[in-house]
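# Structure at a glance
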Amino acid sequence: MILPIHARLQVRTMELLRCPSFSANTPKITYNTSNTKGILRNQSNFNELGNNLSNHGGRRKFLAAVINASSDGSLEAVSGDTAVVVEKPPPKLRRFQVFDGSPTPFGATARDGGVNFAISSGNATSATLCLINLADLPEKRVSEQILLDPFTNKTGDVWHVFVKGNFEDMLYGYRLDGKCSPEEGHYFDSSKVLLDPYAKAVVSRGEFGALGMEDECWAPMAAMVPSASDEFDWEGDLPLKLPQKDLIIYEMHVRGFTKHESSKANFPGTYRGVVEKLDYLKELGVNCIELMPCHEFNELEYYSYNSVLGDYKMNFWGYSTVNFFSPMARYASASTQNCGRGPVNEFKFLVKEAHKRGIEVIMDVVFNHTAEGNENGPILSFKGVDNSVFYMLAPKGEFYNYSGCGNTFNCNHPIVRQFILDCLRYWATEMHVDGFRFDLASILTRSSSLWDAVNVYGKSIDGDMLTTGTPLSSPPLIDMISNDPILHGVKLIAEAWDCGGLYQVGMFPHWGIWSEWNGKYRDIVRQFIKGTDGFSGAFAECLCGSPNLYQEGGRKPWNSINFVCAHDGFTLADLVTYNNKHNIANGEDNKDGENHNNSWNCGQEGEFASIFVKKLRKRQMRNFFLCLMVSQGVPMIYMGDEYGHTKGGNNNTYCHDNYTNYFRWDKVEESSSDFFRFCCLVNKFRHECESLGLNDFPTAERLQWHGHVPGEPDWSETSRFVSFSLLDTGKGEIYIAFNTSHLPVTVTLPERPGYRWEPLVDTAKPVPYDFLSGNLPDRENAIRQYAHFLDSSQYPMLSYSSIILILVAEDQN
């Protein structure tokens, strides 16, 4: 390659270029270049030099020479019998030393005084490692490019290089070249600097929601170059390994939890902000937090003006991953500090501090799709690295869309499933997380798209391949995760459905260890608690941990993650306030979000309602929460439900970075937060009762069903009453009943000679008598008010109420 130079030039002697065809008497040839306009990129100058060498018996062959400006305007080439001597000044020292490198491990790895880079791309024809100075990233300038030699820097489909040098304030990416043929599934574009799929930290914009230079929504991104000196003091932290049956999970959003000014957090909206509030979660009784997506994503992906609110739409929830190994940098107070190491260490700090308080950390991971969308989406990483490998594609290159987000990750492709496995291992071992909740996990069970039928069947077939996306009974990815020596010991939770209609609740391939978000529990409990006929039997199944779904497959109650509300849908307060969704604020004409919410507004739609309706709503909230905590299985609470957070009836708040999604710490302190007291006490009661977190489904030896009279349950279509008694090693025996009729009822309690039933919970009672805790000042007087009923083994229940009674000895004070 001939480099352009300026001023008058001279080739100076530096090295011996052996040319046997030259004669010893060949004269020295001198060219004056003063008339070349100072530039030797004019090819005729080099042709003239070559021709003269040939005329003197030489060959037009000379190796790359470094050309410098000279003071006398002459160009010299010296030839001889055995050599041509070309002189040039001492070379400028290179910033980096380049070696062949190793194909494993993938990503950038600090070792042996340098960094090994490795990336897999079987369809790329060339690869270039791009090193980018931190200060140059906003300007999209690449500081140094290292072209990889396909003979020495490639093993199989893996491009690799080992580099030594000063990587301070240095980031990296790749340029990959090859076919740009969408109909064949290829989107190679050497003009784009791509993120390494294995990058351990991504650096881009520093502030959440801030546009990039020139108001860009997709600001340039690059990956952190690791260093052997990168360390974090875990202080001996080890996985808590809490029995899953003992968990109370709290689904939360990192930014939303402390961003509101009422949090008074020192680091609002960040991992450190969550740490500031961990003691609150401990008080609530939570021992596991499930973090909504914390992998790097672009919150400006949906950025557009929302005329309804007069603000801009954001990707607030984060279900659109850019990189799966990197923690979301703009959730860190450190932002891009230290080339991305700050966010990594802040996430680790959150995990460590949670573990100190006995709280496990589960990550919500989105391996079903990425932020690159379909053929109209951006080329950021996977699409430019090897599109036909990472995404499910139809025969003509179209993107399958089982995720509802434009593309579908090709999870069961051998390379992709290894990528997912490596990623999960990294978060479990390096970041110390305790488990994973897999968004739209049914996609992980679908067959991959491969371009050769032999890879699928072991033999060729006639016609088009029609197996892409077909559900597999033993999907390779789930098999690998389930039997991995590291991952089989962490919590694995599937959202067992996808947007392609594959619904696998109770049927997800599980290998005995996978749990599921029990969507059927949510739907049945909502129907029964609001008083719908025909659900008493199904409700009883839910109370027992859904054995109808999990027992036959060999699973346990703790394989059911029970929830009434989650991030997607109504909050608990909105569930009892709205019959219909109110999503106008999303700017989509109320067409988005779920239409079938199984909600009930208790008689009036919206916040403004009569005192009677408001009291009924609070009662219903207590009923839902109590049901969740007395059911076998693992209860999950959604952030803010413990104080009655409202989103104004919006059941799809994915796009709002505002009060709609912010936890309101001021509301916890207000009188309306009496519900918070109730939740704390019920959670504490669950932890105290061995019988409410069984390792197996309850049998008749422990559980007895009742109706309005003992031992006579009513499973008829019109029944709205379910009650049962449960033997407990700590409490002796407990009696629990739900009356979801619009009529009150007086129930007859089981006779227990030598013992009496004592009220503990009655959701129909005003605060603080809804839960008669041991420290309640006038607790004894409150209990005596029930004496004339309890002496007759009876208890009156109002409509839409639930109770817990405790069996105590007659002589107990």
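Residues numbered from 1 in each chain as written. Predicted model: local features only at pLDDT ≥ 70, side-chain atom pairs only at ≥ 80, totals over all residues. Heavy atoms only, no water.

### A word on the packing of helix 14 (residues 611-630) against helix 16 (residues 674-688)
Orientation of helix 14 relative to helix 16, taken along the N-to-C sense of each, is 15°, at an axis distance of 10 Å. With respect to each other, helix 14 and helix 16 are oriented roughly parallel. For the pair helix 14 and helix 16, the sense of crossing is right-handed. Contacts from Met-621, Arg-622, Phe-625, Leu-626, Leu-628, Met-629 and Val-630 in helix 14 reach Phe-675, Phe-678, Cys-679, Val-682, Asn-683 and Arg-686 in helix 16. When its residues are assigned to classes, the contact of helix 14 with helix 16 shows ten nonpolar, one polar and two charged. (Axes fitted to C-alpha atoms, helices over the stretch in contact; angles between N-to-C directions. Helix = DSSP H or I, 4+ residues; strand = E, 2+ residues; numbered from the N terminus. Parallel < 35°, antiparallel > 145°, perpendicular 65-115°, else oblique. Left-handed = near helix turned anticlockwise from the far one by under 90°. Contact = heavy atoms within 4.5 Å. Nonpolar A, V, L, I, M, F, W, Y, C, P; charged D, E, K, R; others polar.)

### Structural notes on the environment of Ser-442
Mapping Ser-442 onto the fold places it in the loop between strand 26 (435-438) and helix 8 (453-457). For the pair Ser-442 and Gly-500, spaced 58 residues apart in sequence, the C-alpha separation works out to 9.2 Å. In contact with Ser-442, other than residues within four places in its own chain, are Glu-495, Ala-496, Trp-497, Asp-498, Leu-502, Gln-504 and Phe-508. Reaching out from Ser-442, the side chain makes a polar contact with the backbone nitrogen of Trp-497 at a distance of 3.1 Å. At 3.4 Å, the side chain of Ser-442 forms a polar contact with the backbone oxygen of Leu-502. (Polar contact = N/O pair within 3.5 Å; in protein donor to acceptor, adjacent residues only side chain to side chain.)

### So, a nonpolar patch on the surface
Among the surface-exposed residues, Val-308, Leu-309, Ile-584 and Tyr-659 lie close enough to one another that they form a single nonpolar patch of about 370 Å² accessible area. Residue placement: Tyr-659 occurs in the loop between strand 30 (634-638) and helix 15 (665-669). The exposure class assigned to Tyr-659 is exposed, which follows from its relative accessible area of 51%. (Patch = residues over 30% accessible without salt bridge, like charges linked within 9 Å, V, L, I, M, F, W, Y side chains within 5 Å. Areas by Shrake-Rupley, 256 points an atom, 1.4 Å probe, with all protein chains shown as cover. Salt bridge = Lys/Arg side-chain N within 4 Å of Asp/Glu carboxyl O. Buried < 20%, exposed > 50% of the residue type's maximum accessible area, 1.4 Å probe, protein only.)

### Brief notes about the environment of Val-722
On the secondary structure map, Val-722 appears in strand 32 (residues 721-728). Separated by 15 residues in sequence, Val-722 and Ala-737 place their C-alpha atoms 5.8 Å apart. Residue contacts for Val-722: discarding those within four places in its chain leaves Phe-528, Ser-536, Phe-539, Leu-543, Trp-705, Trp-715, Ile-736, Ala-737 and Phe-738.

### A short note on the side chain of Gln-620
Within the fold, Gln-620 resides in helix 14. Look past the residues within four positions of Gln-620 in its chain and what remains in contact with it is Ile-529, Lys-530, Val-576, Trp-600, Cys-602 and Tyr-800.

### A look at helix 10 (residues 519-529)
Residues spaced three or four apart along an α-helix point in a common direction, a consequence of the helix completing one turn every 3.6 residues. Burial within helix 10 is extensive, with eight of its eleven residues counted as buried. Within helix 10, the full set of buried residues consists of Gly-519, Tyr-521, Ile-524, Val-525, Arg-526, Gln-527, Phe-528 and Ile-529. Between the side-chain oxygen at the start of helix 10 and the backbone nitrogen of Lys-520 there is a gap of 3.2 Å, and the oxygen is on Asn-518. Following helix 10 by one or two positions, Gly-531 has its phi on the positive side, about 95°.

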